[in-house]
Amino acid sequence: MKNMPLLSGIALIILSFTSCKDEKQEKAQKTVDSYVAYVDSVKNIAADDLKADWKAVDAEYDKKAQEAELALADIKDNSVATDKVNTTKVKYEEFKKEMTTVLAPPAPSPKQQLRNALFGEGKIGDDMSFAWVNAQNIHSVYQQFVHTVENNKDRYSREDWDEIKLMYEALDSRKNTVEKEGLTAEDNRKIAGLKLKFAPMYTLNRMGAKSEETAAAKK
């Protein structure tokens, strides 16, 4: 009888330990299930609706994935849970690849690609603003423009040449403004040389492109 309190105490300790262990395992299982549910819920949202919050969604995924991996150690027979985690990981990675396509900016139009080549990425948009061109950089802008045209003159279509002429005239208009802002005589002279190179190159190749298109249309 004297041993009864001692045995009862041991039993309580074992029961308490088992209970804690069960609670820990139950919590770990819930963590894994939460991870799986999160990925399933994300996949059920339209990709376009996720675009604005994608960084937050992906960061939350990383957090839940890490928690699920750690939770596996607290699940006694974790083979089923491990399969769940691995399957969910593959499922999310496939979905993430799909999202990269959705998140990628649309390819610029052929007209915008031409403008990017002539002036630099995104420098001239639909507003055709040349406000960024000033007395200090206008010579280099002309230089890039004329050299780009020269290097690609055999590839341009008639529509390309029409766009090039439009851009050239807009740049010339900007030059009239920046001349009053301190354009040096040296830069003015160099720009004049570039303009002399461009004029006959445009005329000759624009005519050639038109002739080629006419000949192709007759076939």
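Once that is clear, we can look at the confidence of the model for the protein chain. With 86% of its residues at a pLDDT of 70 or more, the protein chain shows a mean pLDDT of 86. Between the elements of the protein chain, mean pLDDT differs from a low of 69, seen in helix 1 (residues 4-43), to a high of 97, seen in helix 6 (residues 138-152). With pLDDT under 50 throughout, residues 6-18 is counted as low confidence; its partners more than four residues away or in other chains account for zero contacts.

Our focus in this paragraph is the pattern of salt bridges. The full count for this structure, using the stated rule, is 17 salt bridges. Among the salt bridges present, the one from D33 reaches K84, with a minimum N-O distance of 3.2 Å. Of this pair, D33 sits in helix 1 while K84 sits in helix 4 (residues 79-103), and the two are 51 residues apart along the sequence. For D33, a relative accessible area of 33% gives the class partly exposed.

What tends to happen in soluble globular proteins is that the nonpolar side chains get buried as a cluster. Counting 27 residues, the largest nonpolar core has L118, F119, F130, F145, V149, I164 and F198 as the members making the most contacts within it. Elements supplying a minimum of two residues to this core: helix 5 (110-119), helix 6, helix 7 (158-178) and helix 8 (185-218). In terms of residue count, helix 7 provides more of this core than any other element does, seven residues in total.

Moving on, we come to the packing of aromatic side chains. Here the distance between the centres and the angle between the planes together describe a pair of aromatic rings. As enumerated under the stated definition, the model contains 13 aromatic pairs in all. These aromatic residues form a ring-pair network of at least three members: F119, F130, W132, F145, Y156, W161, Y168, F198 and Y202. Its end group placed over the ring of W132, K123 keeps NZ or CZ at 4.6 Å from the ring centre.

Non-glycine residue M128 carries a positive phi angle of around 50°. With respect to the helices, strands and loops of the structure, M128 is situated in the loop between helix 5 and helix 6.

A separate point is helix 4. Between its first and last C-alpha atoms helix 4 spans 36 Å; for 25 residues at 1.5 Å apiece the expected length is 36 Å, and the two agree. Three or more residues of helix 4 are buried, namely A81, V85, T88, Y92, F95 and M99.

Inspection of the secondary structure puts T148 in helix 6. Given a relative accessible area of 14%, T148 falls into the buried group. Beyond its immediate stretch of four places on either side in the chain, T148 contacts A117, L118 and Y156.

Before going further, it helps to spend a moment on helix 7. Taking 1.5 Å per residue as the helical rise, helix 7 with its 21 residues ought to reach 30 Å, and the 30 Å between its terminal C-alpha atoms agrees with that figure. Among all positions in helix 7, only W161, E163, I164, M167, Y168, A170, L171, D172, R174, K175 and V178 are buried.

Along the chain, Q112 turns up in helix 5. Overall, the relative accessible area of 16% leaves Q112 in the buried class. In terms of polar contacts, Q112 uses its side chain to reach the backbone carbonyl oxygen of I124, at 2.9 Å.

Moving on, we get to the packing of helix 6 against helix 7. Put simply, helix 6 and helix 7 touch, their axes get as near as 11 Å, and they point 165° apart. The angle between helix 6 and helix 7 places the two elements in the roughly antiparallel class. Here helix 6 and helix 7 pass one another in a crossing that is left-handed. Within the contact between the two elements, helix 6 uses I138, V141, Y142, F145 and V149 and helix 7 uses W161, I164, M167, Y168, L171, D172, K175 and V178. Grouping the constituent residues of the contact of helix 6 with helix 7 by class yields eleven nonpolar, no polar and two charged.

Reading guide: rules and limits
- Residues numbered from 1 in each chain as written.
- Predicted model: local features only at pLDDT ≥ 70, side-chain atom pairs only at ≥ 80, totals over all residues.
- Heavy atoms only, no water.
- pLDDT = per-residue confidence, 0-100.
- Helix = DSSP H or I, 4+ residues; strand = E, 2+ residues; numbered from the N terminus.
- Contact = heavy atoms within 4.5 Å.
- Salt bridge = Lys/Arg side-chain N within 4 Å of Asp/Glu carboxyl O.
- Buried < 20%, exposed > 50% of the residue type's maximum accessible area, 1.4 Å probe, protein only.
- Core = buried A, V, L, I, M, F, W, Y, C linked by side-chain atoms within 4.5 Å.
- Phe/Tyr/Trp six-rings, centres within 6.5 Å; stacked < 30°, edge-to-face > 60°.
- Lys NZ or Arg CZ within 6 Å of the ring centre and 35° of its normal.
- Expected span 1.5 Å × (residues − 1).
- Polar contact = N/O pair within 3.5 Å; in protein donor to acceptor, adjacent residues only side chain to side chain.
- Axes fitted to C-alpha atoms, helices over the stretch in contact; angles between N-to-C directions.
- Parallel < 35°, antiparallel > 145°, perpendicular 65-115°, else oblique.
- Left-handed = near helix turned anticlockwise from the far one by under 90°.
- Nonpolar A, V, L, I, M, F, W, Y, C, P; charged D, E, K, R; others polar.

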